[in-house]
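# Structure assessment
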Amino acid sequence: MVVRQEDKLAYIIAVVNEFAAAFSLNPQQAYRYLDRFKGIDFVDQFYNVEHTQPFEDVVEDLALYCRKNGGALA
């Protein structure tokens, strides 16, 4: 399956916004957190699976992944 970069980018932006809302952060704070603790890399690498899941599940996956990489949000 060929993934258009524009689609992946739009999805990552949506995920960052959902993550921000879930943890009462602004989008910039959420992006910096996800970037620092490898959450952006996770979404990029597993886009084919993650984009088929509800945003709530993706946010949960990201929070867990970031905690495993040193993040402190729960």
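Residues numbered from 1 in each chain as written. Predicted model: local features only at pLDDT ≥ 70, side-chain atom pairs only at ≥ 80, totals over all residues. Heavy atoms only, no water.

## As for the packing of aromatic side chains
- Within this structure, the stated rule accounts for 7 aromatic pairs.
- Here Tyr11 and Phe55 contribute two aromatic rings whose centre-to-centre distance is 5.9 Å and whose plane-to-plane angle is 15°, an arrangement assigned as stacked. Of the two residues, Tyr11 sits in helix H1 (residues 5-22) while Phe55 sits in helix H5 (residues 55-68), which places them 44 residues apart along the sequence.
- When its relative accessible area of 10% is taken as the criterion, Tyr11 is described as buried.
- The interplanar angle of 20° and the centroid separation of 5.8 Å between the aromatic rings of Phe19 and Tyr33 together place this pair among those described as stacked. Within this pair, whereas Phe19 is found in helix H1, its partner Tyr33 is found in helix H2 (residues 27-36), the two being separated by 14 residues in sequence.
- On the basis of relative accessibility, which here comes to 12%, the residue Tyr33 falls in the buried class.
- Among the aromatic residues, ring-to-ring pairing joins Phe19, Phe23, Tyr33 and Phe37 into one connected group. (Phe/Tyr/Trp six-rings, centres within 6.5 Å; stacked < 30°, edge-to-face > 60°. Helix = DSSP H or I, 4+ residues; strand = E, 2+ residues; numbered from the N terminus. Buried < 20%, exposed > 50% of the residue type's maximum accessible area, 1.4 Å probe, protein only.)

## Examining the nonpolar core
- Of all hydrophobic cores here, the largest spans 20 residues; its most connected members are Phe19, Leu34, Val43 and Leu62.
- For this core, the secondary structure elements donating two or more residues are H1, H2, helix H3 (39-45) and H5.
- Counting residues per element, this core draws most heavily on H1, at 6 residues.
- Non-local contacts of Leu34, meaning those with residues more than four positions away in its chain, are made with Val16, Phe19, Gly39, Ile40, Leu62 and Cys66. (Core = buried A, V, L, I, M, F, W, Y, C linked by side-chain atoms within 4.5 Å. Contact = heavy atoms within 4.5 Å.)

## Concerning the pattern of salt bridges
- Within the structure shown, the criterion is met by 3 salt bridges.
- Between Arg4 and Asp7 there is a salt bridge, with the nearest N and O atoms lying 4.0 Å from each other.
- Linked through salt bridges whose partners overlap, the residues forming this network are Arg4, Glu6 and Asp7. (Salt bridge = Lys/Arg side-chain N within 4 Å of Asp/Glu carboxyl O.)

## Quick word on H5
- In this model H5 runs 20 Å from its N-terminal to its C-terminal C-alpha over 14 residues, within 8% of the 20 Å that 1.5 Å per residue would give.
- Three or more residues of H5 are buried, namely Val58, Val59, Leu62, Ala63 and Cys66. Along the axis of H5, the buried positions cluster into a sector of 135°, meaning they face one direction only. In this structure, H5 carries Glu56, Glu60 and Lys68 as exposed residues pointing more than 90 degrees from its buried face.
- The inward-facing, buried residues of H5 abut H1, H2, H3 and helix H4 (47-50). (Expected span 1.5 Å × (residues − 1). Arc of directions from axis to C-beta.)

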